[in-house]
Protein chains: 2
Amino acid sequence: MRGTVIHAPGDVRSEEVPDPRIIAPTDAIIRTVATCVCGSDLWSYRGINPVTEPTTIGHEYVGVVEEVGAGVTTVKPGQYVVGSFFASDNTCPNCRNGYQTSCLNREYFGGCQAEYVRIPQADGTLVAIPGQPSEALVPGLLAVSDVMGTGWYAAVAAEVKPGATVAVVGDGAVGLCGVIAAKELGAERIIAMSRHTDRQRLAREFGATDIVTERGDEGVKVIKEMTDGIGADSVLECVGTNESMHQALRATRPGGHVGFVGVPHDVNIPVDELFSSHVGLRGGPAPVRAFLPDLIERVWTGRINPGKVFDLTLPLAQVAEAYHAMDVRRAIKVLLQP
Amino acid sequence: MRGTVIHAPGDVRSEEVPDPRIIAPTDAIIRTVATCVCGSDLWSYRGINPVTEPTTIGHEYVGVVEEVGAGVTTVKPGQYVVGSFFASDNTCPNCRNGYQTSCLNREYFGGCQAEYVRIPQADGTLVAIPGQPSEALVPGLLAVSDVMGTGWYAAVAAEVKPGATVAVVGDGAVGLCGVIAAKELGAERIIAMSRHTDRQRLAREFGATDIVTERGDEGVKVIKEMTDGIGADSVLECVGTNESMHQALRATRPGGHVGFVGVPHDVNIPVDELFSSHVGLRGGPAPVRAFLPDLIERVWTGRINPGKVFDLTLPLAQVAEAYHAMDVRRAIKVLLQP
């Protein structure tokens, strides 16, 4: 089948790779309907995360179940499914607490930028949608499998409450989905920090009430001026750099909360500042699985359309071009069709 | 009047100091009925915080209002009052959010190990109790002014919920009050980490269901064994060292919360670990003022008795002995009577 292999930074290729097979009785094989490139894939593409050997890549997918192992009971061939990028049993104490990305039996599986994918622990990982989606719904369902679930978790971790003032650091797909989440959770004022006009426009469409183009301490100053001098109730940190984390912490009011979902790269948390500010901090790889039923419902009913973060669609064979377009910020997020 | 001056590490003296006077119209002068030595005073006594010049010391007090400035409206001479160690206006946005220790007009005032104390912003800072307390209630009311309020905030910041499993790192007065708070907030299991028999006994009396004597990674291992392998829902970090912070973070289950109230000294937060664990972290100087009305009520009605943390009472003149006794852990906390 056609898959995607990263050979080195900047070198992503569409290649023939072995078809996946059922290995464990709890596996399922799905035929990918749509997949995409994630901001976190760019860490390897840009050489910030090392690439030591050719590796299949991609972790976002929607598709149709082709085959299931003998132990799979909740999904069946022909069903249209969405799943998280971590496989989880959905039954262990951490899963029951809503943290499936900390499942005691969690498995990371990559290789989803491909025609077929093996999903471990299919019963725990996959959620079947109510029927066959229209073509227009596919991008939204695909977004739910990662960026929308991650933006949602950022808002939940930042304790967004009805009436709150929320700031979003990061105008990538996750940050933009964080705007959707903040709005759905009832935020009254949503400040998107962005300096790209196309992303500003989408942020406003998703519910942002204000745009701040300043960054770092300047950005913090603007947020404070907008909020009685104290800062935002909730700040979503959707980048993962030291600068973005400090910006998020300092833009939060005393006793407010930062939800951080950008995978931290050389981030140093200023503990004395964290202490004296009373700011709450919580993040991590989003337990997307916990939110899937709710988010699928919101997309299915047309209440939200996170699929708009896809501003470029390419055939899977042109995956190299997809990485390049995102790397140079010509696209926010690229949808790939096998 | 008699006050207390720290001249150098290990050198605390009871001395004649100037009587405090009303400076601002919002000030009050109180006659101290009881004061005490705080674990945080020991940071200076032990030379960990520098002592650059002779400084009056102490920040916990209960007393009777002697005199008020012309602008004071809510407390009056003769009233028995409790207050926090930070003066706050109790009206600014941060105060209204419940973070009086981040009051936009906050003032730290020390010098409370003395016969009289000037309290700035008396209307915002002081709370009058319902009447004249019996002698037996005085230690509990004094505890509320700092250690009980701080233990309470640790439990609130650690999001202690009914039915929760809670671990408390630190068996000083704050940690022991954290046990009281966890119980009052409905925790089902309260694990006190302590290796001192007198403190273990008090922890049990306050509601601890389990005692863990191991520390560091060994202590974490024991907590995990007690909690289905995942860790406690909420952990109260009441020490402030790097070791205690790491112990707290690692003893918390994925998605659980750490409340940290030990003033951090050379603490490094392992951000990758914090990220991957989904643990929420919030701390700071406790906004005691926010909790005073509720905690005074709990002490006044006999529902809690945090006054038991005082296991030694001395005349104010013997303040040097009080510091020494706490330094060598001969006493958990010393009450001083002017």
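Everything quoted here is computed from the prediction, not taken from an experiment. (Residues numbered from 1 in each chain as written. Chains lettered and ligands numbered in written order. Predicted model: local features only at pLDDT ≥ 70, side-chain atom pairs only at ≥ 80, totals over all residues. Heavy atoms only, no water.)

## Some remarks on helix H6 (residues 173–184) of chain A
Residue and element names in this part refer to chain A. Rule in force here: Each helix is a run of H or I in the DSSP string that is no shorter than four residues. Each strand is a run of E no shorter than two, and both are numbered from the N terminus. Each helix should span, by expectation, one fewer than its residue count multiplied by 1.5 Å. The rule is simple: take the accessible area with a 1.4 Å probe, protein chains only, and divide by the maximum for that residue type; under 20% is buried, over 50% is exposed, in between is partly exposed.
Between its first and last C-alpha, H6 extends 17 Å over twelve residues, near the 16 Å set by a 1.5 Å rise per residue. Burial analysis of H6 places eleven of its twelve residues in the buried class, which makes it a mostly covered element. Every buried residue of H6 is accounted for by Ala173, Val174, Gly175, Leu176, Cys177, Gly178, Val179, Ile180, Ala181, Ala182 and Glu184. Just downstream of H6, Gly186 is the residue with a positive phi angle, here 100 degrees.

## Some words on the interface of chain B and chain A
Here is the rule we go by: Residues count as neighbours in contact if any of their non-hydrogen atoms are within 4.5 Å of one another. Put simply, buried area is the surface a 1.4 Å probe can reach on two separate parts but cannot reach once they are joined, added for both. N or O atoms closer than or at 3.5 Å make up a polar contact, with two conditions inside protein: a donor-capable atom paired with an acceptor-capable one, and, for residues adjacent in sequence, both atoms drawn from side chains. Each residue gets one of three labels, nonpolar for Ala, Val, Leu, Ile, Met, Phe, Trp, Tyr, Cys and Pro, charged for Asp, Glu, Lys and Arg, and polar for the others, Gly among them.
On the chain A side, the residues contacting the 37 residues of chain B number 37 residues. Across the chain B/chain A interface, buried area totals approximately 3,000 Å², and carbon plus sulfur atoms make up 65% of it. When the area that chain B buries against chain A is broken down by residue, the three leading residues are Val271(B), Phe275(B) and His278(B), summing to 25%. Counting across the interface, chain B meets chain A through seven residue pairs in polar contact (both at pLDDT 80 or more). Elements with a minimum of two residues in the side of chain B that touches chain A: helix H2 (93–96), strand E15 (252–260), helix H10 (271–277) and strand E16 (280–283) of chain B. Of the residues forming the side of chain B that touches chain A, the biggest block, six residues, is contributed by H10(B). Tallied by class, the residues present in the side of chain B that touches chain A amount to 19 nonpolar, 13 polar and five charged.

## Some remarks on the relation of the copies chain B and chain A
Keep this limit in mind: Least squares is the method used to superpose the copies, on C-alpha atoms of residues holding a pLDDT of at least 70 in both.
Mapping chain B onto chain A is achieved by rotating through 180 degrees and translating by 0.0 Å along the same axis, at an RMSD of 0.0 Å. Those values place the two copies in the arrangement expected of a two-fold rotation axis. Every residue of chain B has its C-alpha some distance from the rotation axis, and the shortest such distance is that of Leu281(B), at 2.6 Å. Both copies share a contact surface, since 100% of the interface residues of chain B are interface residues in chain A too.

## Section: the packing of aromatic side chains
Our working rule: Here a pair means two rings of Phe, Tyr or Trp (six-membered ring of Trp) with centres within 6.5 Å. Their orientation is stacked below 30 degrees between planes, edge-to-face above 60, and tilted elsewhere.
Here the structure, examined in full by the defined rule, presents twelve aromatic pairs over all chains. Each ring, one from Phe86(B) and one from Tyr108(B), has its centre 5.5 Å from the other, and the planes form 70 degrees; the classification is edge-to-face. Of this pair, Phe86(B) sits in strand E7 (residues 86–87) while Tyr108(B) is found in strand E8 (residues 107–108), placing the two residues 22 residues apart along the sequence. For Phe86(B), a relative accessible area of 13% translates into the label buried. Three or more aromatic residues link up through ring pairs in this structure, and these residues are Phe85(A), Phe86(A) and Tyr108(A).

## A closer look at the domain arrangement of chain A
Think of interface size as the accessible area that goes away when the parts come together; that is how it is often given. Residues and elements named next belong to chain A. Counted only if it meets this: Note: domain ranges come from an automatic or database domain assignment.
The assigned domain composition of chain A is domain 1 (2–146 + 287–337) and domain 2 (150–283). Taking only C-alpha atoms, the centre of domain 1 and the centre of domain 2 are 26 Å apart. If you look at the interface, domain 1 gives 22 residues, while domain 2 gives 21 residues. On inspection of domain 1 and its partner domain 2, the count reaches six residue pairs in polar contact (both at pLDDT 80 or more). The leading source of residues in the side of domain 1 that touches domain 2 is helix H11 (residues 288–300), at five residues. Class assignment of the residues belonging to the side of domain 1 that touches domain 2 gives a composition of 13 nonpolar, two polar and seven charged.

## As for the nonpolar core
Formally: By convention a nonpolar core is built from buried Ala, Val, Leu, Ile, Met, Phe, Trp, Tyr and Cys residues, the set being connected through side-chain atoms within 4.5 Å.
Counting 59 residues, the largest nonpolar core has Leu141(A), Met148(A) and Leu236(A) as the members making the most contacts within it. With eight residues, H6(A) is the single largest residue contributor to this core. Each of domain 1 (2–146 + 287–337) and domain 2 (150–283) of chain A accounts for three or more of the residues forming this core. Among all residues touching Leu236(A), those that are not within four sequence positions of it are Gly151(A), Ala154(A), Ala155(A), Ala158(A), Val160(A), Val166(A), Ala167(A), Val168(A), Val169(A), Gly178(A) and Gly259(A). Grouped together as the second largest cluster of nonpolar side chains are 58 residues, Val138(B), Val144(B), Cys177(B) and Ala208(B) included.

## Considerations on the pairing of strand E14 (residues 232–237) of chain B
All names here are of chain B. Rules: Two strands form a pair only when DSSP identifies at least two bridges running between them. When the strands point away from the viewer and the connection leading from the first strand across the helix to the second strand turns clockwise, the crossover is called right-handed.
Here E14 lies mainly inside the structure; five of its six residues are buried. Of the strand pairs in this sheet, strand E11 (residues 165–169) and E14 are connected by four bridges, and their pairing is parallel. Directly across from Val166, in E14, lies its bridge partner Ser234. Alignment of E14 against E15, held across five bridges, turns out to be parallel. Its bridge partner being in E15, Val235 is matched across the sheet by Val258. What joins E14 to E15 is helix H9 (residues 242–250), and the crossover it makes is right-handed.

## What about the packing of H6(A) against helix H7 (residues 197–206) of chain A?
The axes of two packed helices give the description: the angle between them and the distance between them. Residue and element names in this part refer to chain A. Going by this rule: Lines fitted to C-alpha atoms define the axes, with helix axes restricted to the stretch in contact, and inter-axis angles between N-to-C directions lie between 0 and 180 degrees. Reported orientations rely on four angle classes, namely roughly parallel under 35 degrees, roughly antiparallel over 145, roughly perpendicular from 65 to 115, and oblique for the rest. A clockwise turn of the near helix away from the far one marks a right-handed crossing, whereas an anticlockwise turn of less than a right angle marks a left-handed crossing.
It is the contact of H6 with H7, at a shortest axis distance of 8 Å, that shows an interaxial angle of 20 degrees. Judged by the angle between their axes, H6 and H7 are roughly parallel. Handedness of the crossing formed by H6 with H7: right-handed. Between H6 and H7, the contacting residues are Leu176, Val179, Ile180 and Lys183 on the first element and Arg199, Leu202, Ala203 and Phe206 on the second. Among the residues forming the contact of H6 with H7, the class breakdown is six nonpolar, no polar and two charged.

## Here's the deal with the sheet that holds strand E4 (residues 55–56) of chain B
Residues and elements named next belong to chain B. Taken in spatial order, the three strands line up as E2-E1-E4 in an open sheet, and their pairing is antiparallel. Only two strands of the sheet have a single partner each, and these edge strands are strand E2 (11–16) and E4. Strand contacts of helix H12 (residues 319–327): strand E1 (2–8) and E2, with the helix running at about 160 degrees to E2, the strand carrying the most contacts.

## Some points on the packing of helix H5 (residues 147–157) of chain B against helix H11 (residues 288–300) of chain B
Residues and elements named next belong to chain B. It is the contact of H5 with H11, at a shortest axis distance of 10 Å, that shows an interaxial angle of 110 degrees. Between H5 and H11, the angle falls in the class roughly perpendicular. For the pair H5 and H11, contact is made by Met148, Gly149, Thr150, Trp152, Tyr153 and Val156 and by Val288, Phe291, Asp294, Leu295 and Arg298, respectively. Its residues placed into classes, the contact of H5 with H11 shows seven nonpolar, two polar and two charged.

## Describing the pairing of strand E9 (residues 116–119) of chain B
All names here are of chain B. Judged by which residues are buried, E9 turns out to be one-sided: Val117 and Ile119 face inward and are buried, whereas Tyr116 and Arg118, on the alternate face, are not. Bridge count between strand E3 (residues 28–36) and E9: four bridges; the pairing is antiparallel. Bridge pairing links Ile30 to Val117 in E9.

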